[in-house]
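Read off the chains here:
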Amino acid sequence: MFALCLVPLGQLAWRALHNNLTANPIEYITHQIGDWTLIFIVITLAVTPARKLLRQPELIRFRRMLGLFAFFYGLLHFSTWIGLDKFFDWADMLADVRKRTFITAGFTGFVLMLPLALTSTAGWIRRLGGKRWLALHRLIYIAAIAGVVHYYWLVKSDIRLPVLYGVLVAVLLLYRMVTSVTRRARQSAATAKPAPASP
Ligand code: HEM
C-alpha cells in the first residue's frame with residue numbers, strides 16, 4: 001500500500017528524468033500533485049464507509065497512512081507553489097493570495113490538515129483521549145470541502161471535475177451524518193426507560 005501511494009510521485013520523477021513534463025513543467029507538477037492531494041483526501045474519507053459497507057473492518061489499518069499521504073502530497077503541492085512557482089518571493093505570494101481567492105481556500109485546506117498529521121500517532125491519541133482526538137480529526141471534513149472549493153474556484157470553464165469531487169465529498173459526508181444520527185437514535189432507544197408493565 002505504501003509503495004502504491006508513492007506511484008504518483010514516481011510517475012512525476014520518471015517524467016522529469018525523461019524531460020517529459022510538458023511545455024510548462026511547473027504548472028504540470030502543481031496540477032498533478034494538487035489532483036493527488038484531493039484524491040488522497042477522498043480515499044481517506046472513503047475508508048470508513050468502505051469497511052462498513054464491505055464488512056472489511058481490517059481496512060482501518062490503512063486509514064492513517066492514506067491520510068498522511070494526503071498531507072504529504074498537500075505539502076508537496078504547497079512547496080511547489082512556494083519554491084518553483086513563486087521562487088520564495090514572499091511579496092509575490094502575498095499578492096497572489098490577494099488576487100486569487102482560490103489560493104486562500106487551498107491554504108485553509110492545507111493548514112487544517114497540519115494538526116491532523118501532527119496528531120496522527122498512537123501517543124497523541126492517548127494524550128488527547130479518544131473523544132477529543134476524534135473531534136479534532138473531523139477537521140478533515142472541512143479540509144475536504146476547502147480542497148473542492150479551491151479547485152472549483154480555480155477552474156476557468158470546465159467545472160466537471162471539481163463538481164465530481166464535490167459530489168464524492170458530499171456523499172461521503174452525508175454517509176457519516178446519516179450513520180451518526182441513526183447510531184444516536186439507537187443509543188437513546190436502548191437507554192430509554194422501559195414502559196411500565198400494563199396491569
Ligand atoms: C487541501 C489542500 C489542497 C488541495 C486538495 C488542492 C488541490 C488542487 C487541485 C485539485 C488543483 C487543480 C489540479 C488540476 O487542474 O488538475 C490545484 C491547483 C492549484 N493549487 Fe491547490 N490544493 C490545495 C492546497 C493548495 C495550496 C496551499 C496552494 C498554495 C498556497 C495551492 C495552490 C494551487 C495552485 C497555484 C494551483 C494551480 C492553479 C492554476 O492553474 O491557475 N493549493 N490544487
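Our structure's up above, just so we're on the same page.
This structure is a prediction, so every number in the text was calculated from the model and none was measured. (Residues numbered from 1 in each chain as written. Predicted model: local features only at pLDDT ≥ 70, side-chain atom pairs only at ≥ 80, totals over all residues. Heavy atoms only, no water.)

Peer 1: Can you help me understand the pattern of salt bridges in this one?
Peer 2: If you walk through the whole model with that rule in mind, you get 4 salt bridges. The closest approach of N and O atoms between Lys86 and Asp96, which form a salt bridge, is 3.2 Å. Placement of Lys86 in the loop between α4 (63-85) and α5 (90-99) and of Asp96 in helix α5 is noted, with a sequence separation of 10 residues between them. Here Lys86 matches Asp96 in class, with each residue buried. Note that Asp158 and Arg160 form a salt bridge whose closest N and O atoms lie 2.8 Å from each other. With a relative accessible area of 41%, Asp158 lands in the partly exposed category. Classification of Arg160 as exposed rests on a relative accessible area of 64%. (Salt bridge = Lys/Arg side-chain N within 4 Å of Asp/Glu carboxyl O. Helix = DSSP H or I, 4+ residues; strand = E, 2+ residues; numbered from the N terminus. Buried < 20%, exposed > 50% of the residue type's maximum accessible area, 1.4 Å probe, protein only.)

Peer 1: So what exactly am I meant to see when it comes to the packing of aromatic side chains here?
Peer 2: To describe a pair of aromatic rings, one takes the distance between the centres and the angle between the planes. In total, this model carries 12 aromatic pairs according to the counting rule given. Arranged with centres 5.9 Å apart and planes meeting at 50°, the rings of Trp36 and Phe40 form a pair that is tilted. Taken together, the residues Trp36 and Phe40, both in helix α3 (residues 25-53) and 4 residues apart, mark about one turn of the helix. Ring plane angle 90° and centroid distance 5.9 Å describe the contact between Phe69 and Phe72, whose orientation is recorded as edge-to-face. A residue pair is termed a helical-turn pair when its members lie 3 or 4 positions apart in one helix, as Phe69 and Phe72 do in helix α4 at 3 residues. Chaining the aromatic ring pairs together yields one cluster made of Phe2, Trp36, Phe40, Phe69, Phe72 and Tyr73. (Phe/Tyr/Trp six-rings, centres within 6.5 Å; stacked < 30°, edge-to-face > 60°.)

Peer 1: What exactly am I supposed to notice about α3 here?
Peer 2: Owing to its 3.6 residues per turn, the α-helix aligns residues three or four sequence positions apart on the same side. Its 29 residues give α3 an end-to-end C-alpha distance of 41 Å, which sits within 8% of 42 Å, the value for a rise of 1.5 Å per residue. Val47 marks where α3 bends most, by close to 35°; the proline Pro49 follows one to four residues later. (Expected span 1.5 Å × (residues − 1). Bend = angle between axes of the 7 residues up to and from the residue.)

Peer 1: Would you mind showing me how to read the packing of helix α9 (residues 139-154) against helix α10 (residues 160-191) here?
Peer 2: In a pair of packed helices, the angle between the axes and the distance between the axes together describe the arrangement. Closest axis-to-axis distance for the α9/α10 pair is 9 Å, and the angle between their directions is 165°. Relative to α10, the element α9 is oriented roughly antiparallel. In terms of crossing hand, the pair formed by α9 and α10 is left-handed. Along the contact surface, α9 presents Tyr141, Ala144, Ile145, Val148, Tyr151 and Tyr152, while α10 presents Leu161, Pro162, Val163, Tyr165, Gly166, Val169, Leu173 and Arg176. Grouping the constituent residues of the contact of α9 with α10 by class yields 12 nonpolar, 1 polar and 1 charged. (Axes fitted to C-alpha atoms, helices over the stretch in contact; angles between N-to-C directions. Parallel < 35°, antiparallel > 145°, perpendicular 65-115°, else oblique. Left-handed = near helix turned anticlockwise from the far one by under 90°. Contact = heavy atoms within 4.5 Å. Nonpolar A, V, L, I, M, F, W, Y, C, P; charged D, E, K, R; others polar.)

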